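Listed here are the chains, written in short residue letters.
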Amino acid sequence: MRQSNHADSDHNSGDIIKRVSEMLDRLHAIVIGPGLGRDKLMQESARGILEEAKKRGMGVVLDAVRWAFLIQNNPDIVHGYTKAVLTPNVMEFARLCNTQGIDPKAGDPAGVCQKLAESFGGVTVIQKGPKDYISNGKQTIVCDVPGGLKRSGGQGDTLTGTLVTMLAWTKAYKEMLWEHDNSLSDSELIALSAYGAAAITRTCSRLAFEKKGRALQALDLSTEVPTAFEMLFEDKAAQKL
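Since the structure is predicted, the reported quantities are computational estimates derived from the model, not experimental observations.

Across its full length, the protein carries nine helices and six strands. Taking 18 Å as the expected radius of gyration for a compact globule of 241 residues, we find that the protein reaches 18 Å, a close match to that expectation. Taken along its principal axes, the extent of the C-alpha atoms in the protein is 60 × 45 × 35 Å. Looking at the protein as a whole, 46% of its 241 residues qualify as buried. Across the protein, the centroid of the 29 positively charged side chains sits 4 Å from that of the 29 negatively charged ones.

This is the structure in C-alpha cells:
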C-alpha cells in the first residue's frame, strides 16, 4: 500500500486493491490497521481490501489507532461482519463508543463492551486493559489471566499477531485440515481465538516482566510466545486453559 505522495499517476486505490486482492485467496486471515495513517489513498485502499476480505469470509483483525479513526468515520464498514475482531485500547474504545452513542463510563465494563459489539452488529471487540473484556454483542467473557506489572507501548502487536494466527487456525478447522468432530460454531471459534490470544499476550507480559522488570520493552513479549503457548495449552501438568 502507498501514500498519496508516493504514488505515481498509474497507481490509485482500485489498482492497489486489485493487486492485494489477488493474494487474499492464498491467505487464511489478515490484519488491517498498523501503519495505516490518515492518508486518503491508504484509507481508500484499506476500505477496499476489507471489502474483498469480507467477500471471501476471511477472519480480519482491525488494529491500531488509525483503523479506529477509519471506523469512527465509516462505522458501517464493519457492521454485521462477525468474522472481524476489533482490538481497541482504552482511548480507542472510548472514541468508538462515542461514534455509536454509547457512554463508555456508563455501567460495568463488560456491559459497555457488549453494547459496543452489539452496536456493530456482532463484531467481536477485545477491550484491552487491566482485564480484557471480549464480546460479540451476545456473549461476553473476561480474560483475567495474570499479566506483567508494566505495560509498554507496542504490546498490542503481540495480541494482534497471536489473534490473526488463531483466526487462521479457525479457517483450517472449518476446512477439516485435521480430524475432529466439527462441533464448534463460528461464534465459538472467534470467541476462543480472542480469549486464547488475550491469555497468551498477558502471559507473555508476565514472563517478560519477571525477566526484565521495569526495563521491559514490547519486543520482549515476542520471545515469550512459545513458552506462554506451551504453558497455557500444551503442558498438561500446569495447563491453565
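On we go from here.
To continue, consider the side chain of serine 193. Topologically, serine 193 is positioned in helix α7 (residues 186–212). The residues touching serine 193, leaving out its near neighbours within four places in the chain, are Leu163, Met166, Leu167 and Thr170.

Here the idea is simple: oppositely charged side chains can pair when their charged atoms come close. Under the criterion given, the structure shown has nine salt bridges. Residues glutamate 51 and lysine 54 are paired through a salt bridge, measuring 3.4 Å at the closest nitrogen-oxygen approach. One end of the pair, glutamate 51, and the other, lysine 54, are both in helix α2 (residues 40–55), three residues apart, so they sit about a helical turn from each other. On the basis of relative accessible area, glutamate 51 is assigned to the partly exposed category, the value being 34%. Residues joined by salt bridges that share partners form a network here, namely Asp25, Glu52, Lys55 and Arg56.

With that settled, the discussion passes to the packing of helix α1 (residues 13–24) against α2. For the pair α1 and α2, interaxial distance at closest approach is 9 Å and the crossing angle is 35 degrees. Here α1 runs over α2; the crossing is right-handed. Seen from α1, the contacting residues are Ser13, Ile16, Ile17, Val20, Ser21 and Leu24; seen from α2, they are Leu41, Glu44, Ser45, Gly48, Ile49, Glu52 and Ala53.

Time to look at the packing of helix α6 (residues 156–174) against α7. Where α6 contacts α7, the axes come no closer than 8 Å and their chain directions differ by 150 degrees. In terms of orientation, α6 lies roughly antiparallel with respect to α7. You can see that α6 and α7 cross each other, and the crossing is right-handed. Packed against α6, whose contacting residues are Thr158, Leu159, Thr162, Leu163, Met166, Leu167, Thr170, Tyr173 and Lys174, the element α7 presents Asp186, Leu189, Ile190, Ser193, Ala194, Gly196, Ala197, Ala198, Ile200 and Thr201 at the interface. Class assignment of the residues belonging to the contact of α6 with α7 gives a composition of eleven nonpolar, six polar and two charged.

In a regular helix each residue adds 1.5 Å, so 19 residues correspond to 27 Å; α6 covers 27 Å between its end C-alpha atoms and thus fits that length. Where α6 terminates, the next one or two residues include methionine 176, which has phi positive at roughly 55 degrees.

What follows concerns the pairing of strand β6 (residues 140–143). Both strand β5 (residues 132–135) and β6 contribute to a ladder of four bridges, which runs antiparallel. Bridging across to β6, tyrosine 133 finds its partner in valine 142. Here β5 hands over to β6 after four residues, with glycine 137 in that stretch at a positive phi of 95 degrees.

With respect to the helices and strands, the residue glutamate 224 is situated in the loop between α8 (219–222) and α9 (225–234). With relative accessibility at 5%, the residue glutamate 224 sits in the buried group. Ignoring any residue separated from it by four or fewer positions in sequence, one finds glutamate 224 in contact with Cys204, Leu207, Ala208 and Lys211.

So, how was this worked out
Residues numbered from 1 in each chain as written. Predicted model: local features only at pLDDT ≥ 70, side-chain atom pairs only at ≥ 80, totals over all residues. Heavy atoms only, no water. Helix = DSSP H or I, 4+ residues; strand = E, 2+ residues; numbered from the N terminus. Rg over C-alpha atoms; globule rule 2.2 N^0.38 Å. Buried < 20%, exposed > 50% of the residue type's maximum accessible area, 1.4 Å probe, protein only. Lys, Arg positive; Asp, Glu negative; His and termini not counted. Charge placed at Lys NZ, Arg CZ, Asp CG, Glu CD. Contact = heavy atoms within 4.5 Å. Salt bridge = Lys/Arg side-chain N within 4 Å of Asp/Glu carboxyl O. Axes fitted to C-alpha atoms, helices over the stretch in contact; angles between N-to-C directions. Left-handed = near helix turned anticlockwise from the far one by under 90°. Parallel < 35°, antiparallel > 145°, perpendicular 65-115°, else oblique. Nonpolar A, V, L, I, M, F, W, Y, C, P; charged D, E, K, R; others polar. Expected span 1.5 Å × (residues − 1). Pairing = 2+ DSSP bridges.

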